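# Structure at a glance
Listed here are the chains, written in short residue letters.
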Amino acid sequence: MAAGDAALVDFIELHQRLFVLTGAGCSTDSGIPDYRDADGGWKRSQPVTFQAFMGDDLTRQRYWARSLVGWRRFGHALPNATHHALAKLEQRGNVQLLLTQNVDGLHQRAGSRNVVDMHGRLDTVRCMGCDHRFPRHAFQSMLLEHNPVWATLDAADAPDGDADLDGQDFATFVIPPCPECGGILKPDVVFFGENVPRDRVATAMQALDDADAMLVVGSSLMVFSGYRFAHAAAKAGKPVAAVNLGRTRADPLLNLKIEQPCAEALAFLLRDRSAAGAEEIA
Ligand SMILES: [Zn+2]
């Protein structure tokens, strides 16, 4: 066992009310690729912005065409050992709140209950005109019905249910409008260039206030919406630990840094005497 393991065990033993913040590094073992490399830079082209999505037909066609292909795999992703370990941590009574930057819903599928999806959920589609929401899998059927040719395409999986489909003529892609009002449909996630809803931030900040320490798992905290919680924790004198491969934006604020794959670093939680429960779910 590496020295880091023992330090993390101690950190969790010492701080019983943890504010946990998770990012893409939690879900890579579930086959959902990460946006950023170990230095926190973009691995690929930057994702579509809110402004481009709402303002440009071709951007939306390109987005949904790629999503149609990518969803086949993303929609079937299963929680991995990291999700199960964090669900176990909650069952032990150690989690004040789990705030996730991920949009895959895998923490909940692993059994975590006290979760705030900071950036929303990709399994829901929302109308920007009338706020009507419905399941993404139902929209997948609508997309396939209107675009049968695209159903046969395959592409490398990319983050957030996206897929690489370079060289395709996206202008031919048909996007069904909102079935209620004819408005523009958008995945119910916070896009780049869009603000996280205020009530979500307030709920999370309150939980951080009530916690005695913060644990970051699988996030480089490069996006401000995540970084601000580490900053607030440090400012309030609460210890911050991070499990992440590579640099994080909060490195100067950290009391403990574990540079290991998330599942490996948290494996001790599943080795616990009462670890049986977390395995049954999914
Ligand atoms: Zn609508």
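Just above sits the structure.
Basis of the calculations
- Residues numbered from 1 in each chain as written.
- Predicted model: local features only at pLDDT ≥ 70, side-chain atom pairs only at ≥ 80, totals over all residues.
- Heavy atoms only, no water.
- Pairing = 2+ DSSP bridges.
- Helix = DSSP H or I, 4+ residues; strand = E, 2+ residues; numbered from the N terminus.
- Axes fitted to C-alpha atoms, helices over the stretch in contact; angles between N-to-C directions.
- Contact = heavy atoms within 4.5 Å.
- Salt bridge = Lys/Arg side-chain N within 4 Å of Asp/Glu carboxyl O.
- Buried < 20%, exposed > 50% of the residue type's maximum accessible area, 1.4 Å probe, protein only.
- Right-handed = clockwise from strand over helix to strand, strands pointing away.

### A word on the sheet that holds strand β5 (residues 133-135)
- Taking strand neighbours across the sheet as the criterion, the 3 strands line up as β5-β4-β6 in an open arrangement whose pairing is antiparallel. Lying at the two open borders of the sheet, with one neighbouring strand each, are β5 and β6 (185-189). The mean angle between the axes of side-by-side strands here comes to 40°, regardless of whether they run parallel or antiparallel.
- Across 3 bridges, strand β4 (residues 120-127) lies against β5 in antiparallel orientation. Note that in β5 the partner of Thr 124 across the bridge is Pro 135.
- The sheet strands contacting helix α6 (residues 136-146) are β4, β5 and β6, and the helix crosses β5 at an angle near 80°.

### Looking at the side chain of His 107
- Relative to the helices and strands, His 107 resides in helix α5 (residues 106-109).
- Setting aside residues up to four positions removed in sequence, His 107 forms contacts with Thr 22, Cys 26, His 83, Leu 86, Leu 98, Thr 100, Ser 112 and Val 115.

### Re the pattern of salt bridges
- Tallied over the full model, the rule gives 10 salt bridges.
- The salt bridge involving Asp 57 is made with Arg 60; its shortest N-O contact spans 2.7 Å. Here Arg 60 and Asp 57 lie together in helix α3 (residues 57-74), a separation of 3 residues that amounts to about one turn.
- When its relative accessible area of 52% is taken as the criterion, Asp 57 is described as exposed.
- The residue Asp 131 makes a salt bridge to Arg 126 at a minimum N-O spacing of 2.7 Å.
- For Asp 131, a relative accessible area of 39% translates into the label partly exposed.
- What emerges from the salt-bridge pattern is a single network uniting Arg 126, Asp 131, Arg 133 and Asp 188.

### As for the pairing of strand β7 (residues 213-217)
- Among the 5 residues of β7, 5 are classified as buried, and the element is accordingly described as predominantly covered.
- What you see with β7 is no split at all: Ala 213, Leu 215 and Val 217 on one side and Met 214 and Val 216 on the other are buried throughout.
- Looking at chain direction, strand β1 (residues 18-22) and β7 are connected through 5 bridges and run parallel. Considered in β7, the bridge of Val 20 is made with Leu 215.
- Pairing between β7 and strand β8 (residues 240-243): 4 bridges, direction parallel. Note that in β8 the partner of Val 216 across the bridge is Ala 242.
- Chirality of the crossover, the property in question, places the unit of β7, helix α8 (residues 224-235) and β8 among those that are right-handed.

### Side note on the sheet that holds β1
- The 6 strands are arranged β3-β2-β1-β7-β8-β9 in an open sheet whose pairing can be described as parallel. Both outer strands of the open sheet, β3 (115-117) and β9 (256-258), are each paired with one neighbouring strand and no more. Going across the sheet, the axis of each strand differs from the next one's by a mean of 15°, ignoring polarity.
- Lying over the sheet, helix α7 (residues 198-210) contacts β1, β2 (95-100) and β3, oriented at roughly 145° with respect to β2.

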